[in-house]
Amino acid sequence: MWINYTSYNSIKTLLLGRRSVIVFYNLFKYGVCVCIINLTNKKMKVALITGVTGQDGAYLAEFLLKKGYFVHGIKRRSSSFNTDRIDHLYQDQHEKDVRFKLHYGDLTDSTNLIRIIQETQPDEIYNLGAMSHVKVSFDSPEYVANVDGIGTLRILEAVRILGLQKKTRIYQASTSELYGGLPENKNAAGFYDENSPFYPRSPYGVAKIYGFWITKNYREAYDMFACNGILFNHESPLRGETFVTRKITRAASKIGLGLQQCLYLGNLSAQRDWGHAKDYIEAMWLILQQEKPEDYVIATGVTTTVRDFVRMAFAELGIIVEFSGKDEQEKGVIIDVDEEKALALGLNLASLKLGETVVRVDPKYFRPTEVDLLLGDPTKSKTKLGWTPKYDLQALVEDMMRSDLNLMKKDEYLKQGNYQTLNYFE
């Protein structure tokens, strides 16, 4: 379009006031030729994460912030700080361009959830909040049903009540515990996939199966974009300290430094499909970017025993552990130490004696109903989502051991300086 210089300045001011983008303009003797595109800003996406202070919530919040989202997180009120995993993301709310905000809330409180969703108007909700410790779910079955089962319904119903069915997409964190590890429920290739029958064997699994089906029901009944991600075990340095993988990497690090003598575990023969949480949160996001809402299995397709995970963790320190015995009498003993590697890592060689028992079985960690094997089929997620994990099990163990060794060295330094350290034992 051709305009005189005065008119150009007026239009330029108006357009820039609307945050338009002017690609280029050429000044000529009689006027200005202006080429304008993108007359309005692309709207910033808004995400709401329940369980934002947990492992998955922390990684997902960081991932979405890097993608330009405004991220709202729900955290439970506590008398002590419980935001260690996300403190590096948090900004003082008085600063400019803050894109991460926390809200006090709880999945057991419907009115609270309705208010938060109404205030935030999210484009995407990631329901990651849950009581997710399988063994503990046997001790508090009513609570886990209220949070993990009915809590999912509260999120879905809040979106429906507020009339956000067409605006808000919902991701429901489902679990491989739905399958119960029954051999007859596997597919022809020997894996659990999206069509495998469910047979949960814990209060946690039973509560999650309600969350799975109510999500699917609301998708079909109200045409909501609501999806289940059936995620197999995923770990990281941010995993809770009482979960078996983190319990192993912490204990191995402390034993290597001479801060602990023995690690006590339950079923060493249990087999799990372990991946890295960083890979899995990317799959969550991909699920909500699809044209149609569907459910997906997210897994590596590789299974490993707890026993082998222990071996791999100690091997990262140059410590070789051999197992002998059966059931409750099984134990792990140090049979070799790579002294050069141990010294380079700063380990306490004096405490690493050959023949020393460093792993024992304690029956109190057995579940009333055990799931012996979980192995997922990621074919659909790889073909439809284009998802491929970047970490294999070895890389996962390396990441966790490197992190926990550095963490436990802090305790070692404190003890050397005659300072008190906290004992974290389950």
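As the structure is a computational prediction, the values presented were derived from the model and not from experiment.

(A) Seen up close, the sheet that holds strand β8 (residues 169–175). The 7 strands are arranged β6-β5-β4-β7-β8-β9-β14 in an open sheet whose pairing can be described as parallel. Edge strands, defined here as strands with exactly one partner in the open sheet, are β6 (100–104) and β14 (296–298). Adjacent strand axes in the sheet meet at a mean angle of 20° when their direction is disregarded. As paired strands, β8 and strand β9 (residues 226–231) are joined by 6 bridges and run parallel to one another. When the sheet's bridge partners are listed, Gln172 is paired in β9 with Asn228. Across the face of the sheet, helix α3 (residues 110–120) comes into contact with β4 (46–50), β5 (70–75), β6 and β7 (124–127) while running at roughly 155° to β6. With respect to the sheet, helix α6 (residues 203–222) is in contact with β8 and β9, its orientation differing from that of β9 by roughly 150°.

(B) Region of the structure containing the environment of Asn146. By the secondary structure assignment, Asn146 is in helix α5 (residues 141–161). Considering only alpha carbons, one finds Asn146 and Ala207, 61 residues apart in sequence, at a separation of 8.0 Å. Ignoring any residue separated from it by four or fewer positions in sequence, one finds Asn146 in contact with Thr108, Gly151 and Arg154.

(C) Representation of a negative patch on the surface. Where like charges cluster on the molecular surface, the negative patch consists of Asp336, Asp338, Glu339 and Glu340. On the secondary structure map, Glu340 appears in helix α10 (residues 339–345). Taking the relative accessible area as the measure of exposure, Glu340 reaches 68% and is therefore exposed.

(D) Focus on the packing of helix α7 (residues 244–256) against helix α12 (residues 393–416). With their axes 8 Å apart at the nearest point, α7 and α12 run at an angle of 50° to one another. In terms of axis orientation, α7 runs oblique to α12. Considering the relative orientation of α7 and α12, their crossing is right-handed. Across the interface between the two elements, Thr245, Arg246, Thr249, Arg250, Ala252, Ser253 and Lys254 from α7 touch Met400, Met401, Asp404, Leu405, Leu407 and Met408 from α12.

(E) Geometry of unusual backbone geometry. At Gln121, a position not held by glycine, the phi torsion is positive, near 45°. Owing to a relative accessible area of 33%, Gln121 belongs among the partly exposed residues under this scheme.

(F) Broad picture of the sheet that holds strand β16 (residues 319–324). Strand order across the open sheet formed by 4 strands is β11-β18-β17-β16, with mixed pairing between neighbours. Each of the sheet's edge strands pairs with one partner strand only, and the pair in question is β11 (263–265) and β16. Strand-to-strand twist across the sheet, computed as the mean angle between neighbouring axes with direction ignored, equals 25°. Pairing of β11 with strand β18 (residues 357–361) involves 3 bridges; the strand directions are parallel. From the neighbouring strand, Leu265 faces β18, where its bridge partner is Val361. The sheet contacts of α7 involve β11, β16 and β18, and relative to β11 the element is tilted by about 160°.

(G) Seen up close, the side chain of Thr152. By the secondary structure assignment, Thr152 is in helix α5. Accessibility expressed as a relative area gives 3% for Thr152, which makes it buried. When near neighbours in sequence (up to four residues on either side) are disregarded, Thr152 contacts Asn127, Val147, Gln172, Gly211, Ile214 and Thr215.

(H) The pattern of salt bridges, seen in detail. In this structure the tally under the stated criterion is 18 salt bridges. Taking the shortest distance from any N to any O, the salt bridge between Lys390 and Glu282 comes out at 2.9 Å. Taken together, the residues Lys390 in the loop between α11 (379–384) and α12 and Glu282 in helix α8 (residues 277–287) connect sequence positions 108 residues apart. Judged by relative accessible area, which is 61%, Lys390 ranks as exposed. Where Arg311 meets Asp308, a salt bridge forms, and the shortest distance between an N and an O atom there is 2.3 Å. With a gap of 3 residues between them, Arg311 and Asp308 both fall in helix α9 (residues 306–315), about one helical turn apart. Overall, Arg311 belongs to the partly exposed group, its relative accessible area being 32%. According to the relative accessible area criterion, Asp308 is partly exposed, its value standing at 31%. One salt-bridge network, in which partners are shared between bridges, spans Lys43, Asp123 and Lys167.

(I) Structural view of the nonpolar core. Among the nonpolar cores identified, the biggest contains 36 residues, and Ile248, Leu265, Phe314, Ile319, Leu347 and Val359 are the most heavily contacted of them. The set of elements that each furnish at least two residues to this core consists of α7, β11, α9, β16, β17 (331–337), β18 and α12. With 7 residues, α12 is the single largest residue contributor to this core. Not counting residues within four places of it along the chain, the set of residues in contact with Ile248 comprises Leu263, Leu265, Val306, Phe309, Val310 and Ala313. Counting residues in each nonpolar core, the second largest holds 35 residues, with Ile86, Ala173, Trp285 and Leu286 among its members.

Rules and cut-offs
Residues numbered from 1 in each chain as written. Predicted model: local features only at pLDDT ≥ 70, side-chain atom pairs only at ≥ 80, totals over all residues. Heavy atoms only, no water. Pairing = 2+ DSSP bridges. Helix = DSSP H or I, 4+ residues; strand = E, 2+ residues; numbered from the N terminus. Axes fitted to C-alpha atoms, helices over the stretch in contact; angles between N-to-C directions. Contact = heavy atoms within 4.5 Å. Patch = residues over 30% accessible without salt bridge, like charges linked within 9 Å, V, L, I, M, F, W, Y side chains within 5 Å. Areas by Shrake-Rupley, 256 points an atom, 1.4 Å probe, with all protein chains shown as cover. Salt bridge = Lys/Arg side-chain N within 4 Å of Asp/Glu carboxyl O. Lys, Arg positive; Asp, Glu negative; His and termini not counted. Charge placed at Lys NZ, Arg CZ, Asp CG, Glu CD. Buried < 20%, exposed > 50% of the residue type's maximum accessible area, 1.4 Å probe, protein only. Parallel < 35°, antiparallel > 145°, perpendicular 65-115°, else oblique. Left-handed = near helix turned anticlockwise from the far one by under 90°. Core = buried A, V, L, I, M, F, W, Y, C linked by side-chain atoms within 4.5 Å.

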